[in-house]
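Here are the chains, one letter per residue:
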Amino acid sequence: MKGLELIKKAFGLEKVERIPWVPFVGVHGGHLIGIDAENYLKSSEAIIRGTSLAIEEYNPDGIPVVFDLQVEAEILGCKLKWAPHNPPAVISHPLSEGIKLDELQLPTKKDGRIPIILEATKALRKKYPDVALYGLITGPFTLALHLMGTDVFMKLYEDPDQMNAIMKFCTNVGLKMAEFLMDAGCDIIAVVDPMTSQIDPLSFETFVTPFVIPIFDFIRKKEKLSSFFVCGHAQQNIEAMCDCKPDNVSIDENIPLDFVKEIALKKGISFGGNMKLTVVLLMGNEDDAREDALNCLDIGGKTGFILAPGCDLPMDTPPENIKAVSELVHDPYKQDVARTLEKQENILEVFNMKDYGQADKVIVDIITLDSESCAPCQYMVEAVKKVAPQFEGVVEWREHAIKKMEAVTFMSSLMVKNIPTICIDGKIEFVSQIPPKGDLIAAIQKRINQKLKLKIKSKRSEILILGEKYTENKDLKLLINRAVTELGKDIKISIINDTIQMASFGITKSPAVVAVNYKLKTEGSIPSLDVIKEWIKDL
């Protein structure tokens with residue numbers, strides 16, 4: 001059966017003879033033809049060549065034309081930062097910079113990069129009539145966040161009327177974009193709204209549901225199919241997503257596939273996902289890719305399931321890994337062989353983090369997919385960057401993008417399970433939720449206070465008077481007592497007159513004074529050998 005027909009059956013919850021396969025080839029198409037992400041996304045000719053090569057190499061049933069959630073934002077006045085290996089990132093937010101909502105205009109077919117996308121869509125539609133073309137639009141909530149920045153989370157509670165007005169405008173943008181893409185030849189419109197992972201179900205039902213339903217209804221009236229994409233730890237909102245009545249929901253590896261399957265099928269919705277992007281497809285080998293794909297196939301089953309990566313493929317994903325998945329999908333024999341092979345035990349070496357966080361500064365670690373390509377990751381990093389200057393010299397922050405193996409190791413060492421996540425001095429604080437400014441400041445300040453308390457406790461000092469003559473020791477102690485009193489210090493003073501003990505200090509003439517500063521290094525745990533060595537080096 002041809003790919004488009006197969007996907008239509010899966011979306012319709014009909015049992016299929018083979019599970020459909022949709023690799024989310026975004027800027028990875030640029031990798032296939034040897035150009036960077038910026039030049040790829042700015043050229044219809046490049047998109048056509050990259051997507052065509054992906055279709056020929058990966059034998060998909062469906063494929064997105066472009067995977068870029070900044071297209072609408074750019075048209076509406078958001079400034080972009082371009083990167084060679086990722087789609088661009090939004091770096092300015094017009095509605096938080098003095099621009100009024102009524103000054104923004106709905107996009108036309110001639111605006112921004114829309115003509116490039118439409119031209120590529122038409123060419124690919126003509127070239128591959130049997131492949132389902134996905135047209136992606138930025139979901140209303142994510143677009144609102146692009147326009148407002150993280151202030152959007154405060155608006156949910158402080159000014160719901162303004163928030164509703166912004167969301168309605170973003171819905172109208174989505175309706176326009178969906179219309180353009182469907183008219184150009186897209187079979188499936190995917191509403192990609194990753195920032196909905198940052199809100200609770202009640203907020204979702206209040207500020208997302210009423211604004212995406214009109215988009216899905218419009219797509220249905222045009223006799224096309226729809227999908228609702230989300231990434232991040234959005235498990236709490238899966239039921240609410242299904243209640244928006246798309247034809248399909250698609251999720252990433254943060255959410256268990258069996259959990260989504262149960263809810264989606266109960267709601268009469270097809271579902272897709274959720275192969276591991278980084279540790280398997282990007283950094284793994286062909287065997288890893290086959291094993292992960294087979295696990296998804298076995299869980300998803302042949303009713304209502306679309307096999308796909310959790311999000312768009314990292315640009316440098318090895319093509320042989322994607323080919324291995326494609327071959328497995330199309331060959332039942334290879335699936336049987338893979339099932340009989342022993343599963344590989346991937347032993348990931350982890351760091352010893354028991355003593356992490358004992359530096360003078362408070363360390364804020366942000367575990368991300370990559371803030372340049374993942375919207376929730378980007379805005380979590382921005383949240384930390386905004387408050388860090390308030391703790392200048394006291395707080396140091398770092399991003400760990402798990403597109404690199406050392407970051408995966410670090411993530412595992414801190415026992416972080418979901419991304420994005422903020423850790424403070426090695427302790428998990430905010431999981432897949434962008435913290436409000438006040439909450440983030442309070443969490444950092446709490447750790448600073450803990451460290452200050454520990455530092456004060458560790459500076460217990462003592463002065464030793466060493467001498468054989470009683471009168472000299474007495475006179476010296478009186479002077480030291482006066483000095484301690486005048487300085488307002490709390491220091492213990494001890495006298496040692498035993499000659500053997502004095503000799504142990506290397507004292508040859510008395511009276512002598514030894515100033516001792518005791519530093520508490522650890523409490524309640526046995527430190528590692530390496531840590532003890534560092535302590536001894538300072539003695």
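The present account deals with the structure reproduced in this document.

On to the overall build of the chain, then. Per the secondary structure count, the chain includes 23 helices and 16 strands. With respect to the three principal axes, the spread of C-alpha positions in the chain is 105 × 60 × 45 Å. Buried positions account for 53% of the 539 residues belonging to the chain. Considering only contacts in the chain between residues 6 or more positions apart, those separated by 24 or more positions represent 72%. By element, 53% of the accessible surface of the chain is carried by carbon and sulfur atoms, the whole surface being about 25,200 Å². Considering the chain, the positive charge centre built from 64 side chains and the negative charge centre built from 76 side chains are found 4 Å apart.

Within the structure shown, the criterion is met by four cavities of 30 Å³ or more. When its volume is computed, the largest cavity comes out at roughly 470 Å³. Around the largest cavity, the lining is made up of 42 residues, and of these Cys 311, Asp 312, Leu 369, Ser 373 and Cys 374 lie nearest the centre. If you list the elements that add at least two residues to the lining of the largest cavity, you get α14 (277-282) and α18 (375-387).

This next bit is on the packing of helix α6 (residues 114-127) against helix α9 (residues 160-184). Relative to each other, α6 and α9 sit at 30 degrees, their axes nearing to 8 Å. Regarding the angle of α6 to α9, the classification is roughly parallel. Two secondary-structure elements touch here, α6 through Ile 114, Ile 117, Leu 118, Thr 121, Lys 122 and Arg 125 and α9 through Met 177, Phe 180, Leu 181 and Ala 184. Across the contact of α6 with α9, the residue classes tally to seven nonpolar, one polar and two charged.

Examined against the element boundaries, Ser 197 turns out to sit in the loop between β5 (188-192) and α10 (201-207). Of the polar contacts made by the side chain of Ser 197, one reaches the backbone oxygen of Pro 194; its length is 2.9 Å. Within the local environment of Ser 197, its side chain forms a polar contact with the backbone oxygen of Cys 231, the two atoms lying 3.3 Å apart. Leaving out residues up to four positions away in the same chain, Ser 197 has contacts with Val 230, Cys 231, Gly 232, His 233, Ala 234, Gln 236, Pro 376, Ser 432 and Gln 433.

Two residues of an α-helix separated by three or four positions point the same way, owing to the 3.6 residues in each turn. Taking 1.5 Å per residue, 13 residues should reach 18 Å; helix α11 (residues 209-221) reaches 18 Å between its end C-alpha atoms and fits that length. Along α11, the residues that are buried comprise Thr 209, Phe 211, Val 212, Ile 215, Phe 216 and Ile 219. Down the axis of α11, the smallest arc covering the buried residues is 165 degrees, so these residues share one side. Each element contacted by the buried residues of α11 is listed here: β4 (132-138), α7 (140-148), α9, β5, α10 and β6 (225-229). Positive backbone phi, approximately 60 degrees, marks Glu 223, located one or two places after α11.

The next point concerns the pattern of salt bridges. All chains considered together, the criterion is met by 18 salt bridges. For Arg 113, the salt bridge goes to Glu 74, with nearest N and O atoms at 3.0 Å. Taken together, the residues span a long stretch of sequence, with Arg 113 in the loop between β3 (89-90) and α6 and Glu 74 in helix α5 (residues 71-75) at a distance of 39 residues. The class for Glu 74 is partly exposed, based on a relative accessible area of 27%. One salt bridge in this structure joins Asp 425 and Arg 447, with 2.6 Å as the shortest N-O distance. Residue Asp 425 is located in the loop between β12 (421-424) and β13 (427-431), and its partner Arg 447 is located in helix α20 (residues 437-458); the two are separated by 22 residues in the primary sequence. A relative accessible area of 8% means that Asp 425 is categorised as buried. Judged by relative accessible area, which is 22%, Arg 447 ranks as partly exposed. By sharing partners, the salt bridges in this structure join Asp 68, Glu 74 and Arg 113 into a single network.

This part is about the pairing of β6. β6 sits mainly inside the fold: five of its five residues count as buried. The alternating pattern of β6 places Leu 225, Ser 227 and Phe 229 on one face and Ser 226 and Phe 228 on the opposite face, and all of these are buried. Where β5 lies against β6, five bridges are found, and the strand directions are parallel. Bridge pairing in β6 links Val 191 to Phe 228. Handedness of the crossover joining β6 and strand β7 (residues 248-250) through helix α12 (residues 238-243) is recorded here as right-handed.

With that settled, the discussion passes to the pairing of strand β10 (residues 362-368). Most of β10 sits inside the fold, with seven of its seven residues counted as buried. A two-sided burial pattern is seen for β10, the buried positions comprising Val 362, Val 364, Ile 366 and Thr 368 on one face and Ile 363, Asp 365 and Ile 367 on the other. For β10 and strand β11 (residues 395-401), the ladder comprises seven bridges, and the chain directions are parallel. Bridging from a neighbouring strand, Thr 368 pairs with Ala 401 of β11. Handedness of the crossover is the feature at issue here: the chain leaves β10, passes through α18, returns alongside β11, and the resulting connection is right-handed. Inspection of the sheet shows β10 paired to β12 by four bridges, in the antiparallel sense. Its bridge partner lying in β12, Val 364 is registered against Ile 424.

Criteria and cut-off values
Residues numbered from 1 in each chain as written. Predicted model: local features only at pLDDT ≥ 70, side-chain atom pairs only at ≥ 80, totals over all residues. Heavy atoms only, no water. Helix = DSSP H or I, 4+ residues; strand = E, 2+ residues; numbered from the N terminus. Buried < 20%, exposed > 50% of the residue type's maximum accessible area, 1.4 Å probe, protein only. Contact = heavy atoms within 4.5 Å. Areas by Shrake-Rupley, 256 points an atom, 1.4 Å probe, with all protein chains shown as cover. Lys, Arg positive; Asp, Glu negative; His and termini not counted. Charge placed at Lys NZ, Arg CZ, Asp CG, Glu CD. 1 Å grid on protein atoms, 1.4 Å probe; cavity = no way out; pocket = protein on both sides within 12 Å on 5 of 7 lines; lining within 4 Å. Points joined across faces, edges and corners; volume = space filled by probe spheres on them. Axes fitted to C-alpha atoms, helices over the stretch in contact; angles between N-to-C directions. Parallel < 35°, antiparallel > 145°, perpendicular 65-115°, else oblique. Nonpolar A, V, L, I, M, F, W, Y, C, P; charged D, E, K, R; others polar. Polar contact = N/O pair within 3.5 Å; in protein donor to acceptor, adjacent residues only side chain to side chain. Expected span 1.5 Å × (residues − 1). Arc of directions from axis to C-beta. Salt bridge = Lys/Arg side-chain N within 4 Å of Asp/Glu carboxyl O. Pairing = 2+ DSSP bridges. Right-handed = clockwise from strand over helix to strand, strands pointing away.

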